[in-house]
Amino acid sequence: MSEAPSVVLVTGVSRFLGGHLAARLAADPSIERVLGVDTTPPSREMRRRMGRAEFVRVDIRNPLIGKVISTAKVDTVVHASLSGNPAQSGGRSMMMEMNVIGTMQLLAACQRSDTVRRLVVKSTSAVYGASRRDPATFTETTEPKAIPPGGYAKDAVEIEGYVRSFSRRRPDIPVTTLRFVNLIGPRIDTSFVRYFSLPVVPVVMGYDARVQLLHEEDAVAVLERAAAEDLPGVFNVGAAGVLMLSQAIRRAGRISLPVPQPAVPLIGRFTRRARLVDFSPEQLRLLNFGRVVDTTKLQDEFGFTPRWTTVQAFDDFVAGRNLRPVIDPATFGRAQNAALAVARALPTGS
């Protein structure tokens, strides 16, 4: 039987996942101490939620993180700071440094520690890539058909390689790697949240990707479970069911704007410069081809079933953000019917 955590360190507490996880753990009286680390302090509201959790301002790229772990006698480390949002990380190059270099330093500190006995790493299903040759679903052992060439997905591939090396060097420490699909919800800030909040949503002409999501609360809950028990292995984490991209846009009351494939990078640069949404190249490919993961292992071995389905998670996001249709549905319906009537009245070629 695995030993309950006593002193837990959570990275990335200035953001949604890390901060809310620290709050959940701090509310557990069986846990003696919770340390939340980040380069910037959490918001006042997040600090209030975190309760007795202690905030330590430290850059995990700095070897000082090792001193924090040793001084506090940390036994459980939850690395929740892997980010795919350059806007929250000070730009793309800074994001890569925080993701990759930060993880290397954290793993080195855990390797040297004589108190750490459990490690949890937040990763992403983006490690599978996205291409037209992809299988219907990815299991944890499926090899990607297209290796992510850069950005967040490439960071995650490198990080998982370092984590596997760590496991070989410290086989006595159980390591849980969680590959999350895209997160959504009424409070979390992600590229997908910003994308579906646009009044006019660009889509790749001729494609209708399958979208699998995970509710923000389910994401926190699965990290909490991983921190509490020894559940070693790699696990896909996603909600049941999928939405077609076109369905999601309609459910959010947005208007889709089909964009020819060659113009997609241009649109990506425009939305990034306008600070509307920052989509990396691999995220743009996801909008082409979609990606769905198999979560059988998550349910059978890890023992977790998400509370929200993909559709329910998306609808909660729409309701929680109070999104209103850009065009009144009745007006749109009348315009659509009028256009169809005109089309039918046109003479057909012989």
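Structure first, text after, so check above.
Calculation criteria
- Residues numbered from 1 in each chain as written.
- Predicted model: local features only at pLDDT ≥ 70, side-chain atom pairs only at ≥ 80, totals over all residues.
- Heavy atoms only, no water.
- Phe/Tyr/Trp six-rings, centres within 6.5 Å; stacked < 30°, edge-to-face > 60°.
- Helix = DSSP H or I, 4+ residues; strand = E, 2+ residues; numbered from the N terminus.
- Buried < 20%, exposed > 50% of the residue type's maximum accessible area, 1.4 Å probe, protein only.
- Lys NZ or Arg CZ within 6 Å of the ring centre and 35° of its normal.
- Polar contact = N/O pair within 3.5 Å; in protein donor to acceptor, adjacent residues only side chain to side chain.
- Contact = heavy atoms within 4.5 Å.
- Lys, Arg positive; Asp, Glu negative; His and termini not counted.
- Salt bridge = Lys/Arg side-chain N within 4 Å of Asp/Glu carboxyl O.
- Core = buried A, V, L, I, M, F, W, Y, C linked by side-chain atoms within 4.5 Å.
- Pairing = 2+ DSSP bridges.

### Quick look at the packing of aromatic side chains
Applying the stated criterion across every chain yields a total of eight aromatic pairs. Ring centres of Tyr 128 and Phe 138 lie 4.7 Å apart, and the angle between their planes is 15°; this geometry places the pair in the stacked category. Residue Tyr 128 is located in the loop between β5 (118-124) and α6 (151-169), and its partner Phe 138 is located in the loop between β5 and α6; the two are separated by 10 residues in the primary sequence. Of the residues examined, Tyr 128 reaches a relative accessible area of 1% and is grouped as buried. Look at Phe 138 and you get buried, because its relative accessible area is 0%. An aromatic cluster of three or more residues is present, and its members are Phe 192, Tyr 195, Phe 196, Phe 314 and Phe 317. Lying over the aromatic face of Phe 302, Arg 225 brings its terminal NZ or CZ to 5.7 Å of the ring centre. Sitting over the ring of Phe 235, Lys 297 keeps its end group 5.0 Å from the ring centre.

### Quick notes on the side chain of Asn 236
Structurally, Asn 236 can be placed in strand β11 (residues 233-237). Within the structure, the side chain of Asn 236 is placed 3.0 Å from the backbone oxygen of Phe 138, a separation counted as a polar contact. Polar side-chain contacts of Asn 236 include one of 3.1 Å to the backbone oxygen of Asp 294. Leaving out residues up to four positions away in the same chain, Asn 236 has contacts with Tyr 128, Phe 138, Thr 139, Glu 140, Arg 179, Val 293, Asp 294, Thr 295 and Leu 298.

### Notes on the side chain of Asp 38
Looking at the secondary structure, you find Asp 38 in strand β2 (residues 33-38). As a buried residue without a salt bridge, Asp 38 has its nearest oppositely charged side chain in Arg 15, at a separation of 4.8 Å. Engagement of the side chain of Asp 38 in a polar contact is seen with the backbone nitrogen of Val 13, the distance being 3.2 Å. When sequence neighbours within four positions are dropped, the list of residues in contact with Asp 38 reads Gly 12, Val 13, Ser 14, Arg 15, Phe 55, Val 56, Arg 57 and Val 58.

### Let's talk about the pattern of salt bridges
According to the stated counting rule, one finds 18 salt bridges in the structure shown. Here Arg 24 makes a salt bridge to Glu 224, at a shortest N to O gap of 2.9 Å. Pair noted here: Arg 24 is in helix α1 (residues 16-26) and Glu 224 is in helix α8 (residues 216-228), with a separation of 200 residues, a long-range link. Using a relative accessible area of 24% as the deciding quantity, one classes Glu 224 as partly exposed. If you follow the salt bridges from partner to partner, you end up with Arg 24, Arg 187, Glu 216, Glu 217 and Glu 224 in one network.

### Section: the nonpolar core
Residues Ile 65, Ile 69, Leu 178, Phe 196 and Phe 314 are the most contacted members of the largest nonpolar core, which totals 97 residues. For this core, the element with the most residues is α8, which contributes seven residues. The residues contacting Leu 178, other than those within four sequence positions of it, are Val 120, Val 121, Lys 122, Ser 123, Thr 124, Val 222, Leu 223, Ala 226, Phe 235, Val 237 and Phe 302.

### Describing the pairing of strand β4 (residues 76-79)
Because side chains alternate across β4, one face comprises the buried residues Thr 76 and Val 78, and the other comprises Val 77 and His 79, equally buried. Relative to β4, strand β1 (residues 7-11) runs parallel, the two sharing three bridges. The residue bridging Leu 9 from the neighbouring strand is Val 77, located in β4. Here β4 runs beside β5; their pairing, made up of four bridges, is parallel.

### A closer look at the pairing of β5
Burial within β5 is extensive, with seven of its seven residues counted as buried. Of the two faces of β5, the one carrying Arg 118, Val 120, Lys 122 and Thr 124 and the one carrying Leu 119, Val 121 and Ser 123 are both buried. Relative to strand β6 (residues 175-180), β5 runs parallel, the two sharing six bridges. What sits directly across from Val 120, in β6, is Thr 176.

It is worth stressing that arrangement in space is one thing and function is another; only the former is reported here.
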